[in-house]
Amino acid sequence: EVVKEPLLIEALVDAIFSMQCDNIKNRGIEYNTDVKITVPCILGDEVHIKQVLMNIISNAAKFTPAGGFIKLSVRQIKTDETHVTTTFICEDSGCGMSKEFLTKIFDVFTQERNSNSDSIKGTGLGMPISKLLVNAMGGEIKVESELNKGSKFTISIPAEISAIPDYLDFNVDEEAERLAEAYRSETESMKVLIAEDNELNAEILIEILKDSGFEVGYAVDGSQAVEMFAQSKPNEYGVVLMDMRMPVMDGCEASKKIRSL
């Protein structure tokens, strides 16, 4: 299902950069972004746009050898007073694709084998799903590539121009510094309550938080989370991380009860 909500283009690109940067640079690949837009906020499906771009960029990282580059550029064309087409261009200097493979890259369960990808396993579903998502958003996806000379994916998505809502209208750098300062001042005493019924997810999350210096309380469902919060001292928990779907009591109901306390 495609949704249309206000999204900030630069924030979206920054989020993708943050998620992919370490993975790409650890492979010895240069990663750059180049955003030149006239409309900062559009009505679009941020989750699905991210999915498409993350898939393309992660593929570029897989098939680009050390010493190569990946570049994500963003451009815009205003189509009328209330609409704009945003174009995302992902270029890499990877192994590229043959002309024959380009004709079926968007077919289901298709992957090209070459010296760089023999050890890489996958379903080959990423690109067909990306095309379906882009088409569902009313957009278009194109690819240009040549063996041993890299690839270039172009995703164009039309959208209505949006005003920046209050909840998105803040200075990212100032907000990051404020949160960092709060983190520095409160980490030693901050305790986090986690409600998560998946044991593996909980184990990973607890490990990350403890490594970052937080104390952690763990509840296996919403009901237990409410009980642990009710029995806690005032302000004992600085943060509650609540899973949405859990047995006994789901996260929404548990959150309502915790807020009522």
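Before any of the text, the structure's been laid out above.
A brief structural summary. (Residues numbered from 1 in each chain as written. Predicted model: local features only at pLDDT ≥ 70, side-chain atom pairs only at ≥ 80, totals over all residues. Heavy atoms only, no water.)

## Thoughts on the environment of Glu146
Within the secondary structure, Glu146 is located in the loop between β6 (140-145) and β7 (151-161). Separated by 48 residues in the primary sequence, Glu146 and Ser98 have C-alpha atoms spaced 6.0 Å apart. Excluding its chain neighbours within four sequence positions, the residues that come into contact with Glu146 are Cys95, Gly96 and Met97. (Helix = DSSP H or I, 4+ residues; strand = E, 2+ residues; numbered from the N terminus. Contact = heavy atoms within 4.5 Å.)

## Quick notes on a negative patch on the surface
A cluster of like negative charges, contributed by Glu199, Glu203, Glu207 and Asp211, occupies part of the molecular surface. Its location among the elements puts Glu203 in helix α6 (residues 199-211). (Patch = residues over 30% accessible without salt bridge, like charges linked within 9 Å, V, L, I, M, F, W, Y side chains within 5 Å. Areas by Shrake-Rupley, 256 points an atom, 1.4 Å probe, with all protein chains shown as cover. Salt bridge = Lys/Arg side-chain N within 4 Å of Asp/Glu carboxyl O. Lys, Arg positive; Asp, Glu negative; His and termini not counted. Charge placed at Lys NZ, Arg CZ, Asp CG, Glu CD.)

## Quick look at the nonpolar core
Burial of nonpolar side chains together is a common tendency in soluble globular proteins. Counting 37 residues, the largest nonpolar core has Phe88, Phe153 and Ile155 as its most contacted members. Of all the elements in the fold, those that place two or more residues in this core are α1 (9-26), α2 (46-63), β4 (69-78), β5 (83-92), α4 (126-136), β6 and β7. Top contributing element to this core by residue count: α2, with seven residues. Not counting the four nearest positions on each side in its chain, Phe88 is found in contact with Ile9, Leu12, Ile49, Leu53, Leu72, Ser73, Val74, Phe153, Thr154, Ile155 and Ile157. (Core = buried A, V, L, I, M, F, W, Y, C linked by side-chain atoms within 4.5 Å. Buried < 20%, exposed > 50% of the residue type's maximum accessible area, 1.4 Å probe, protein only.)

## As for the pairing of strand β3 (residues 41-44)
Relative to β3, strand β1 (residues 5-8) runs antiparallel, the two being bridged by four bridges. Across the sheet, the residue bridging to Leu7 is Ile42, located in β3. (Pairing = 2+ DSSP bridges.)

## What to know about the sheet that holds strand β9 (residues 215-219)
Within the open sheet, the three strands sit side by side as β9-β8-β10. Their pairing is parallel. If you trace the sheet from one side to the other, it starts and ends with β9 and β10 (239-242), each paired once. On average, adjacent strands in this sheet sit at an angle of 20° to one another, irrespective of strand direction. Relative to β10, strand β8 (residues 191-195) runs parallel, the two being bridged by four bridges. (Axes fitted to C-alpha atoms, helices over the stretch in contact; angles between N-to-C directions.)

## What to know about the packing of aromatic side chains
Considering all chains together, one arrives at two aromatic pairs under this definition. Where Phe17 meets Tyr31, the ring centres are 5.0 Å apart and the plane angle is 25°; that geometry is what we call stacked. On the criterion of sequence distance, the pair formed by Phe17 in helix α1 and Tyr31 in strand β2 (residues 30-36) is long-range, its members being 14 residues apart. Given a relative accessible area of 26%, Phe17 falls into the partly exposed group. Look at Phe229 and Tyr237: their rings are 6.4 Å apart centre to centre, the planes differ by 20°, and that puts the pair in the stacked class. A relative accessible area of 21% means that Phe229 is categorised as partly exposed. Above the face of the Phe106 ring, Lys131 is positioned so that its terminal group lies 5.3 Å from the ring centre. (Phe/Tyr/Trp six-rings, centres within 6.5 Å; stacked < 30°, edge-to-face > 60°. Lys NZ or Arg CZ within 6 Å of the ring centre and 35° of its normal.)

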